Amino acid sequence: MSKLLGALDQGTTSTRFVLIDAGGDVIAQSQREHRQIYPRPGWVEHDAGEIWRNAQTVIEAALAEAKVSARDLSAVGVTNQRETTVLWDAATGAPLHNAIVWMDTRTQAGVDQLAAQDLGDLVRTKTGLPLATYFSALKLRWLLDEIPRARARAARGEALFGTIDSWIVWNLTGGLAGGRHIIDATNASRTQLMNLETLSWDEELLQIFDIPADCLPKICSSSEVYGDCVGALAGVPLAGALGDQHAALLGQACVKTGDAKNTYGTGCFLLMNVGDTPRVSTKGLLTTLAYKLGDAKPCYALEGSIAIAGALVQWLRDNLGIIGESSEIEALARSVPDNGDVYFVPAFSGLFAPRWRGDARGLIAGLTRFSNRGHIARAALEAAAFQTREVLAAMVADSGLEIGALKVDGGMAANDLLMQFQADVIDAPVVRPHQLELTAIGAAYAAGLAVGVYESLDDIAAHARESRRFTPDMPKEERARLIASWEKAVERSLGWAI
């Protein structure tokens, strides 16, 4: 049989291993959820040990499903939830604390402290990122300050920092027996410690955030051979690593300036390829690295990050119990003809782009005795579309580029009701691809590029296939009314957490 590519997709709520052929078609996959740990309001943690155990389980299960072994794979890539921060013992391999998840807000006091010192502009100039609880640097500082002896051990290289890609790569390449302590450049760009132009750790930023350099991983490109895997993948080159949204951008073949995609996962993440020069945002977006493939020039992107999208559907399932399975949300939302003037602002961790309001909190507005759970379900879906519209408007203003169509992926992109509403509120076509879960496919593409399965980005772009196109079908007056009501609801959510 022809050689396959593998990708380990470590997300916010689950871990998947996917096998694809060279044409980008999924041959087999296995997925397992991990616990969401909430020690206090606003705090979100994961057990990094559980994540690694799940990773091993899904790798073995997918190989078994496909009836293949490691020798049938050309290479493996990794993609991961970004910003989530792990600190582990270099001598034992054990995490020193639960991983602090990207949406965690415990570092707000640190954000306020740096803002009061007027350091926001400097940090943004160097990293493309605003001061926010979102990013890794303050999470790492919290771990170093709160774990006994952690700071001293980190300064001696006895405690190792990484985002989840670093943790997975270290374990996949041997762990205590010579595992590689690296981070890919896209994930490094989300730590707030990497200089976006030099793609290296920045001494001034390390001083500002009080981070010892000896605990940091080596920054590598997104597509190169990092080493050979161990365990079930023994001998397979580990050759690609990207943060999940960057992997989705590559999986969508958004390789030309102006190409844009939105991934509907736990959150929503809209990225636009802006070429080989970083573009500074004035509209509340992030400037980030799109990808760095081998020795080629880095490619940059504008990004708008939305904290809560699919996580809101999970919340309706787990906290309110109005659905039994996440897949039931569309049918429930279709049980009513419209939202009944109900609006759901899911600011559980504040609002990210383009507003960046850490003081916002979630609310449901417009409830009357007429309202029912169908209206709430519909409002929850529409919240993802309303937030995406805000980010897209900011992106068009920042870039000066009109988006002819929005490419979409992620689990929620399978929801026809949401995709049609998305097209209606942005007044532009929404394009759903043949494969929805493109984060894993993008990581596999990066690995394939590194080992010669693909010769160029053009080879990858040739595999992009459209499944369905949603065209706008809403009167402009109705669109304007809905947007105005949504914005009114958002205003009510601001200033709640002081």
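In short, a report on the structure. (Residues numbered from 1 in each chain as written. Predicted model: local features only at pLDDT ≥ 70, side-chain atom pairs only at ≥ 80, totals over all residues. Heavy atoms only, no water.)

1. Thoughts on the overall build of the chain
Part 1: Each helix and strand in the chain was counted, giving 16 helices and 23 strands.
Part 2: For a compact globule of 498 residues, the expected C-alpha radius of gyration is about 23 Å, and the chain comes in at 21 Å, within 12% of that figure.
Part 3: For the chain, the spread of C-alpha atoms along the three principal axes comes to 65 × 55 × 45 Å.
Part 4: Among the 498 residues that make up the chain, the fraction classed as buried is 63%.
Part 5: Pairs at least 24 residues apart make up 72% of the contacts formed inside the chain by residues separated by at least 6 positions.
Part 6: As displayed, the chain has an accessible area near 18,300 Å², and 49% of this comes from carbon and sulfur atoms.
Part 7: Counting 46 positive and 59 negative side-chain charges, the chain places the averaged centre of each group 3 Å from the other. (Helix = DSSP H or I, 4+ residues; strand = E, 2+ residues; numbered from the N terminus. Rg over C-alpha atoms; globule rule 2.2 N^0.38 Å. Buried < 20%, exposed > 50% of the residue type's maximum accessible area, 1.4 Å probe, protein only. Contact = heavy atoms within 4.5 Å. Areas by Shrake-Rupley, 256 points an atom, 1.4 Å probe, with all protein chains shown as cover. Lys, Arg positive; Asp, Glu negative; His and termini not counted. Charge placed at Lys NZ, Arg CZ, Asp CG, Glu CD.)

2. A few points about the side chain of Glu-303
Part 1: Turning to its location among the elements, Glu-303 is positioned in strand 18 (residues 299-306).
Part 2: A polar atom in the side chain of Glu-303 sits 2.5 Å from the side chain of Arg-82.
Part 3: Within the structure, Glu-303 has its side chain in polar contact with the side chain of Arg-190 (distance 2.8 Å).
Part 4: In this structure, Glu-303 is in contact with Arg-82, Tyr-134, Arg-190, Phe-269, Leu-270, Leu-271, Leu-285, Leu-286, Thr-288 and Met-395, ignoring residues within four places of it in sequence. (Polar contact = N/O pair within 3.5 Å; in protein donor to acceptor, adjacent residues only side chain to side chain.)

3. Remarks on a nonpolar patch on the surface
Part 1: A contiguous nonpolar surface patch, about 190 Å² in accessible area, is contributed by Val-225, Val-451 and Val-453.
Part 2: Here Val-453 lies in the loop between helix 14 (438-451) and helix 15 (457-461). (Patch = residues over 30% accessible without salt bridge, like charges linked within 9 Å, V, L, I, M, F, W, Y side chains within 5 Å. Salt bridge = Lys/Arg side-chain N within 4 Å of Asp/Glu carboxyl O.)

4. Comments concerning the sheet that holds strand 15 (residues 260-264)
Part 1: The strand order across the open sheet built from seven strands is 17-18-16-15-21-22-23, with neighbouring strands paired in mixed fashion. Either end of the sheet is taken by a strand with one partner, and the two such strands are strand 17 (286-291) and strand 23 (466-470). Adjacent strand axes in the sheet meet at a mean angle of 30 degrees when their direction is disregarded.
Part 2: The pairing of strand 16 (residues 268-275) with strand 18 spans seven bridges and is classified as antiparallel. (Pairing = 2+ DSSP bridges. Axes fitted to C-alpha atoms, helices over the stretch in contact; angles between N-to-C directions.)

5. Examining the packing of aromatic side chains
Each aromatic ring pair is described using two quantities: the centre-to-centre distance and the angle formed by the ring planes.
Part 1: This structure, assessed with the given rule, holds 18 aromatic pairs.
Part 2: Judged by centre distance (5.4 Å) and plane angle (90 degrees), the ring pair of Tyr-445 and Tyr-454 falls under edge-to-face. Summarising the burial analysis for this pair, Tyr-445 and Tyr-454 share the class buried.
Part 3: Here a set of aromatic residues connected by ring pairs shows up, and it is made of Trp-102, Tyr-134, Phe-135, Phe-269, Phe-352 and Trp-356.
Part 4: The ring centre of Trp-43 lies 3.8 Å from the NZ or CZ of Arg-106, which sits over that ring.
Part 5: The ring of Trp-142 has Arg-106 sitting right over it, with the charged end atom 4.5 Å from the ring centre. (Phe/Tyr/Trp six-rings, centres within 6.5 Å; stacked < 30°, edge-to-face > 60°. Lys NZ or Arg CZ within 6 Å of the ring centre and 35° of its normal.)

6. Some remarks on the state of the cysteines
Part 1: The full count for this structure, using the stated rule, is zero disulfides.
Part 2: Between Cys-268, a cysteine without a disulfide, and Cys-254, which holds the nearest cysteine sulfur, the sulfur-to-sulfur distance is 15 Å.
Part 3: By relative accessible area, Cys-268 is classed as buried at 0%.
Part 4: Looking at Cys-299, it has no disulfide partner, and the nearest cysteine sulfur is the one in Cys-254, 10 Å off.
Part 5: Exposure remark for Cys-299: the relative accessible area of 9% places this residue in the buried category. (Disulfide = S-S within 2.5 Å.)

7. Concerning the sheet that holds strand 14 (residues 237-243)
Part 1: If you trace the six strands from one edge of the open sheet to the other, you get 3-2-1-5-14-13, paired in mixed fashion. At either margin of the open sheet sits one strand with a lone partner, and together these are strand 3 (26-33) and strand 13 (223-228). When the angles between neighbouring strand axes are averaged without regard to direction, this sheet yields 25 degrees.
Part 2: Direction of pairing for strand 13 relative to strand 14: antiparallel, over a ladder of three bridges. Bridging across to strand 14, Ser-223 finds its partner in Gly-240.
Part 3: Contacting strand 5 (73-80) and strand 14, helix 9 (residues 244-251) crosses the sheet at an angle of about 105 degrees to strand 14.

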